[in-house]
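The residues making up each chain are set out below.
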Amino acid sequence: MEFKELDKTGVKIPVLGLGTWGIGGFDSKHFGGDDEAVRALRLGLELEMRFIDTAEMYARGHSEEVVAKAVESDRDKVFIATKVSGENLSYEDVLKSCAASLKRLKTSYIDLYQVHWPNPRIPISETMKAMEHLVAEGMVRYVGVSNFSVRQTREAQEALSKASLVSNQVEYNLLDRSVEEDLLPYAKKEKITIIAYSPIARGQIHEGGRDKRWQVLDKIATKCGKTRAQVALNWLILKEPVVAIPKAIRLEHVRENAGAVGWRLSEQDQNELNEAFR
Ligand SMILES: NC(=O)c1ccc[n+]([C@@H]2O[C@H](COP(=O)([O-])OP(=O)(O)OC[C@H]3O[C@@H](n4cnc5c(N)ncnc54)[C@H](OP(=O)(O)O)[C@@H]3O)[C@@H](O)[C@H]2O)c1
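My aim in this report is to walk through the structure given alongside it, one point at a time. (Residues numbered from 1 in each chain as written. Predicted model: local features only at pLDDT ≥ 70, side-chain atom pairs only at ≥ 80, totals over all residues. Heavy atoms only, no water.)

This paragraph deals with the pairing of strand E7 (residues 140–146). In terms of burial, E7 is largely enclosed, as 6 of its 7 residues are buried. Pairing between strand E6 (residues 110–115) and E7: 5 bridges, direction parallel. The partner of Val 115 across the bridge, within E7, is Val 145. Traced from E6 through helix H4 (residues 124–136) to E7, the parallel crossover comes out right-handed. Where E7 meets strand E8 (residues 165–171), 4 bridges bridge the pair, whose relative direction is parallel. (Buried < 20%, exposed > 50% of the residue type's maximum accessible area, 1.4 Å probe, protein only. Helix = DSSP H or I, 4+ residues; strand = E, 2+ residues; numbered from the N terminus. Pairing = 2+ DSSP bridges. Right-handed = clockwise from strand over helix to strand, strands pointing away.)

This is how it looks when you write it as structure tokens:
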């Protein structure tokens, strides 16, 4: 596995983590797939993707319960990121949500606690005050956000006085490169880690089409002896300061994604992909 420093914390996190949206259900709890999901997450941990991303909102908290099962005795060797939902951003609600996540995750601390999406009705200063309280109490190690624009990221940074904002989790993949416009350069300058969600465009990279850009991707994949998903993930993690969290519900996908590290697309291949997927 390869690692990148989380912001300026000195902590190194794997460039590839394990996404859990859909694990344990989507908008409601589903228990049927839990065993396979636990096996897939454990395989990911064995393959050194020791970074799991979940959220209180996923499967109404059941995703966090599945994560707890997968991690069990290995807790201290896994970097666990979860999220407080946008409707729970008042001071009291953040504390309540965190307590509930800790309980479901069966842990005494969350490595990275992220604001899932901004809520204009609640001042970010109030939310961040609660975050700093959680850090001071040892329940949270690092504070992050998700789906925040540059302006919102800056406001979140300014609202923190004792802790710092270490990450912003946003959609980023070959098909959606909007963050390259302003957020990515800003994050690079501020050394805020960008956690790329939907890194294979919710499966679209895998399925793809037949037009010119897909031909370029297929040509590069064949030349490198890799799959489309592996090339798309390698392209992402070669960007700074980016790590990616492909969904990890299936053993075969976890195995495939682990093959996205340990090699590098050439400069020329990266440029060709940049051009084709403009
Ligand atoms: N912060 C946010 O607002 C936010 C939003 C969306 C996602 N996320 C996080 O980002 C993670 C990943 O995003 P995502 O689940 O939307 O999309 P993704 O990882 O880009 O794609 C997952 C979809 O692609 C399919 N797939 C095909 N090949 C795959 C491969 N090699 N590896 C993984 N999946 C493959 C999956 O099928 P199967 O289902 O059959 O495996 C699934 O339908 C989520 O699990 C979640 O943790 C965060």
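Moving on to the environment of Ala 55. On the secondary structure map, Ala 55 appears in the loop between strand E4 (51–53) and helix H2 (62–71). Judged by its relative accessible area of 0%, Ala 55 is buried. The spacing of Ala 55 and Asn 88 is 33 residues in sequence and 12 Å in space, taken between C-alpha atoms. Residues contacting Ala 55, with those up to four places away along its chain left out, are Glu 64, Thr 82, Lys 83 and His 116. (Contact = heavy atoms within 4.5 Å.)

Most of strand E5 (residues 79–84) sits out of view: 6 of its 6 residues are buried. Residue alternation in E5 divides its side chains into two sets, Phe 79, Ala 81 and Lys 83 and Ile 80, Thr 82 and Val 84, and both sets are buried. Looking at chain direction, E4 and E5 are connected through 3 bridges and run parallel. Considered in E5, the bridge of Ile 52 is made with Ile 80. Tracing the backbone out of E4, into H2 and back to the parallel element E5 gives a crossover that is right-handed. Looking at chain direction, E5 and E6 are connected through 4 bridges and run parallel. Considered in E6, the bridge of Lys 83 is made with Gln 114. After leaving E5, the chain enters helix H3 (residues 91–105) and then returns to the sheet as E6, a path that is right-handed.

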